[in-house]
Each structure stands twice: as structure tokens, then as C-alpha cells.
Amino acid sequence: MTTTDPAPPTEATLTEWGDRRGVRRRRRRRPAPAANRLWRFVFPLLLVGLAVVAVDLWREGTKAVLDSTDGTLVEIESDPNAPGFEAFVSPTPTMLVLHTDGADQLVGVTVLARTLLDNGGQAVLVSVDLAVDGATLAEQYAAGGADAVEQTVGQLFAFGFRETLTLPTRDFAPLLGLVEPLPFVLLDDLVVTNDEGAGEVWLAAGRHDLDGGDAAELYSFRNVGEADVNRNERQLDLWTVWLQAISQADDLDAAALPFDDGLSPYLRAFAVGQRDLQVAPAVPTLLADGTAVYTFDDAGEEWLADLSERMTPLPIAPLGSDQPTVRLLDGVGDRRIAQAALDSMARLAEITIVGNAVEFGVTQTTVSYHDQAAAEAAQTLANRIGATAVFDPRPEDPVDLTVVIGTDWEAP
């Protein structure tokens with residue numbers, strides 16, 4: 001397939017798209033009050049830009065030296081094999097994309113992880129009719145907005161998201177339009193109701209070359225009475241042809257936009273690297289009124305747990321989670337043991353610093369808590385890894401707990 005290169009977006013187009021991306025960052029959830037366009041769109045982007053610059057300067061000041069597919073380690077001490085070495089950990093990049101239609105109804109949920117950083121990752125599409133705690137994701141979005149869905153999906157996947165993007169159809173269209181036309185094979189007619197109340201085919205089954213607007217509308221479209229699993233399969237197909245079109249573009253930045261945050265780095269990584277796109281295997285459950293919702297059975301829960309570990313080797317805690325933040329130190333002096341400890345503890349706590357104890361040869365594995373408020377979390381973690389909880393008063397420490405792996409520690 002040959003994709004015709006679109007004309008490069010003008011500076012005004014890129015600015016407008018950047019202003020309308022709708023990226024919502026973790027811990028910055030409250031919607032802005034109504035204001036003029038400059039303050040609603042441009043000013044938040046400037047703040048994000050300043051924050052990114054500040055982080056970059058901080059990282060440069062700490063001399064980044066270690067890279068991995070799990071994240072980036074930023075050096076504090078010079079020798080990673082020496083006692084006392086510590087490094088801040090940047091977790092696996094993750095994003096939650098919430099697709100909405102013109103009526104601000106939730107029509108799609110996509111979980112993205114750049115597991116291989118710039119060389120690819122994984123995407124999972126989740127039905128908006130997935131029921132959790134008695135309410136579907138669509139209902140949770142209607143009642144509590146993006147935060148409610150993020151918290152629920154984060155608990156399901158057992159990891160949090162560095163960014164949550166609410167992507168309305170009107171903003172999805174110009175992004176898809178960067179690589180239009182998109183070749184798409186439709187398996188079923190898509191039928192709308194006309195002014196007379198009769199059914200009318202909008203898109204007939206068969207092959208189409210979609211422009212950005214039609215592709216975005218197709219992504220949200222659902223026939224009357226249609227099971228959401230059918231729409232999920234169309235959405236998966238559209239993701240597939242979209243990423244394929246980006247991968248074949250002569251100018252990757254023009255096809256996916258050159259931003260370093262938001263959706264752009266995921267599109268570039270997925271287009272040029274390995275990608276695994278799947279629909280979460282939920283099963284339908286009929287309600288008393290005859291409607292169907294989806295849930296995970298035992299096999300689905302096992303599938304999700306396994307996939308989650310592969311998606312995020314170094315996860316962050318889900319929104320609303322009480323997972324403690326941890327400094328993980330090797331007290332043995334064996335990098336293999338240190339890696340095994342990191343792998344086993346990644347799902348038990350949010351690892352934010354790794355390194356070595358001030359000296360090697362530590363015989364007892366300990367979990368130190370630095371504030372009395374973290375005593376219960378320390379004891380819980382100590383019980384789970386076979387360690388001893390101790391109090392080390394340092395209330396200004398940037399982590400809740402410090403775990404030192406000793407020679408008595410055994411990998412599960």
C-alpha cells in the first residue's frame with residue numbers, strides 16, 4: 001500500500017492542534033473555568049512546557065547514565081557498582097486515551113504502554129460497556145468524568161498512567177487526517193436514522209478510503225442495538241491501518257506531529273517499532289432488562305494480570321492507590337539479585353529510587369519507614385517479602401519506605 005504524503009501542517013495548524021490536544025496530566029484533574037481561548041488552551045500548554053524544561057534541567061544536572069526498556073535511570077552517584085549509588089527511576093511510559101463523541105459520551109477506552117520506549121509497545125482496547133462495581137465505564141465517565149474511569153481502569157490493570165488524554169471526535173479527525181486517506185474494510189453496514197425515522201446506510205460494508213473526519217466518526221459509531229464488541233473490533237482495525245499509514249509516511253513528524261508529550265511519541269514509537277494491539281477479552285453478561293454488559297471471567301483476569309506485567313515492567317501506582325513509594329537498595333553487591341528484587345517488587349510498591357546500600361554484605365533484608373504514618377505500609381510490605389520493618393526517622397525523605405535487600409532475601 002502506498003500512502004500519499006499530506007502537505008506538512010502549517011505552523012498555525014500545529015499550534016491549533018497542540019492547543020486542542022486535551023492532554024490531562026496525573027494530579028492535575030480539575031477542569032478549567034470558562035475563559036477566553038488564550039487562557040483555556042495556550043496558557044496550560046506554556047505551563048506544561050515550563051514543567052518539561054524544569055524536569056530536563058534537573059535530569060541534566062544529575063547526569064543521566066543508564067537506559068533500559070523499563071524506563072530511564074538518572075544518576076546521582078558516579079559508579080552504579082559502588083556502595084552508596086542511587087538513581088531516580090522514570091517508570092514505563094503509559095497513557096489512557098478516552099475517546100468521546102459530539103455529545104461528550106464515552107465511546108472508546110485505549111490503554112497504551114511504550115514498553116520498548118521509542119521502539120514500540122502495547123495497546124489494549126477496553127469496552128465502554130465493561131461493568132466494574134455495578135457501573136459501566138461509560139456510566140462512570142458520565143457521573144465522574146475522566147478521573148473516575150482512570151481510577152477504575154488503573155485498578156483493573158494494576159498500574160497508573162503518566163497521562164490521560166480525553167480525545168473528542170472533533171479533535172481526533174485532524175490527527176487522523178494527517179495520513180488520509182485511510183484504507184478500511186467495513187464488515188457491516190453502518191446505519192443512521194434519518195429525519196423521517198427510517199434507517200439509512202451511512203457507510204456500506206466493503207472497502208473505503210476514509211478521510212480524517214469519516215474515520216473519526218467511524219471510530220465512535222455504533223449501530224442501534226449493536227454489541228460494543230463489534231465496535232471494538234472496528235476500532236482495533238482503525239488503529240492498525242492508522243499506525244501502518246504513519247509508518248509508511250516519508251515524514252514521521254508530519255504524520256504523527258513532533259511533540260514530545262501527549263499522543264505523538266506513542267504514535268511514532270508504535271509506527272516504527274514493535275506493536276501489539278489487542279481488545280480486552282471481556283465476556284457479555286445479560287442484565288434483567290435484556291441489555292448486555294461485559295465483565296472479566298477468571299481466564300480474562302489471568303490474561304489481564306499477565307499482560308499488565310509485560311506492558312509495564314516499572315509501573316506507577318494507579319490513581320487512588322495506597323501503594324507506598326520505595327527506595328530499593330542492593331545490600332549484597334550482586335546486580336542479578338538487585339534485578340530480581342526489582343522485578344518482584346515492581347507490583348508491590350511504586351519504585352522511585354534504586355541503587356546500592358552504603359555498604360555491601362548486609363545480612364538482613366529490612367523495610368525502613370521514615371514517618372510514623374508509613375508504619376503500617378512498612379509492616380505489610382515486610383510481611384510480603386520476608387523482611388523486618390524498622391523505623392528510620394527522616395520525615396523529609398522523598399520516599400515512604402527504603403528497602404535494603406540482604407543475603408537472606410529469596411526471590412519468590
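Draft legend 1. Looking closely at the pairing of strand β5 (residues 94–100). Of all 7 residues in β5, 7 are buried, a share of seventy percent or more. Of the two faces of β5, the one lined by Thr94, Leu96, Leu98 and Thr100 and the one lined by Met95, Val97 and His99 are each fully buried. Note that β5 and strand β6 (residues 106–113) share 7 bridges and pair antiparallel. Counted as the bridge partner of His99 is Gly108 from β6. In textbook terms, the turn of a hairpin is the stretch between consecutive antiparallel strands, and for β5 and β6 this stretch comprises 5 residues, one of which, Asp104, has a positive phi near 60°. Examined bridge by bridge, β5 and strand β10 (residues 163–168) share 6 bridges and lie parallel to one another. Note on β10: the bridge partner recorded for Val97 is Leu165.

Draft legend 2. Molecular detail of the packing of aromatic side chains. As enumerated under the stated definition, the model contains 7 aromatic pairs in all. Between Phe157 and Phe159, the ring centres sit 5.7 Å apart and the planes meet at 65°, which makes this aromatic pair edge-to-face. No difference in accessibility class separates Phe157 from Phe159, as the two residues are buried. Measuring from centroid to centroid gives 5.4 Å for Phe172 and Trp242, while their planes differ by 70°, and the two rings are edge-to-face. On the criterion of sequence distance, the pair formed by Phe172 in helix α4 (residues 169–176) and Trp242 in helix α6 (residues 228–247) is long-range, its members being 70 residues apart.

Draft legend 3. Looking closely at unusual backbone geometry. Omega for the bond connecting Glu180 with Pro181 falls within 30 degrees of zero, at 0°, which places this linkage in the cis form. Even without a glycine there, the phi angle at Asp104 is positive, about 60°. Within the secondary structure, Asp104 is located in the loop between β5 and β6. For Asp104, a relative accessible area of 46% puts it in the partly exposed group. At Asp133, a residue that is not glycine, the phi angle is positive and equals roughly 55°. Relative to the helices and strands, Asp133 is located in the loop between β8 (131–132) and β9 (135–136).

Draft legend 4. The arrangement of the side chain of His370 in detail. Topologically, His370 is positioned in the loop between β20 (366–369) and α11 (375–385). For His370, a relative accessible area of 3% gives the class buried. Looking at His370, its side chain comes within polar contact range of the main-chain oxygen of Asp392, at 3.0 Å. Looking at His370, its side chain comes within polar contact range of the side chain of Thr402, at 2.8 Å. Non-local contacts of His370, meaning those with residues more than four positions away in its chain, are made with Arg327, Phe391, Asp392, Pro393, Arg394, Pro395, Asp397, Val399, Asp400, Leu401 and Thr402.

Draft legend 5. Layout of the environment of Ser321. Turning to its location among the elements, Ser321 is positioned in the loop between α9 (298–311) and β18 (325–330). Exposure remark for Ser321: the relative accessible area of 32% places this residue in the partly exposed category. For Ser321, the side chain forms a polar contact with the main-chain nitrogen of Gln323, separated by 3.0 Å.

Criteria and cut-off values
- Per chain, the residues get numbers from 1 upward, laid out in the order the sequence is written.
- Two thresholds apply to this predicted model, a pLDDT of at least 70 for residue-level local features and 80 or more for giving and counting side-chain atom pairs, whereas whole-chain, interface and lining totals are computed over all residues.
- Hydrogens are left out, water is left out, and the side-chain values use all remaining heavy atoms of the structure.
- A simple rule labels every residue: compare its accessible area, found with a 1.4 Å probe on the protein chains alone, to the largest value its type can have, and call it buried under 20%, exposed over 50%, or partly exposed in between.
- The helix count covers DSSP runs of H or I at least four residues long, the strand count covers runs of E at least two residues long, and both are numbered beginning at the N terminus.
- Think of it this way: DSSP has to see at least two bridges between two strands before they count as a pair.
- Whether two aromatic rings pair depends on their centres lying within 6.5 Å, for rings of Phe, Tyr and Trp, where Trp uses its six-membered ring; planes under 30 degrees apart make the pair stacked, over 60 edge-to-face, and the rest tilted.
- Counted as a polar contact is a pair of N or O atoms within 3.5 Å, where, for protein atoms, one must be capable of donating a hydrogen and the other of accepting one, and residues adjacent in sequence contribute only when both atoms are in side chains.
- Any two residues whose heavy atoms approach within 4.5 Å at even a single point are treated as in contact.

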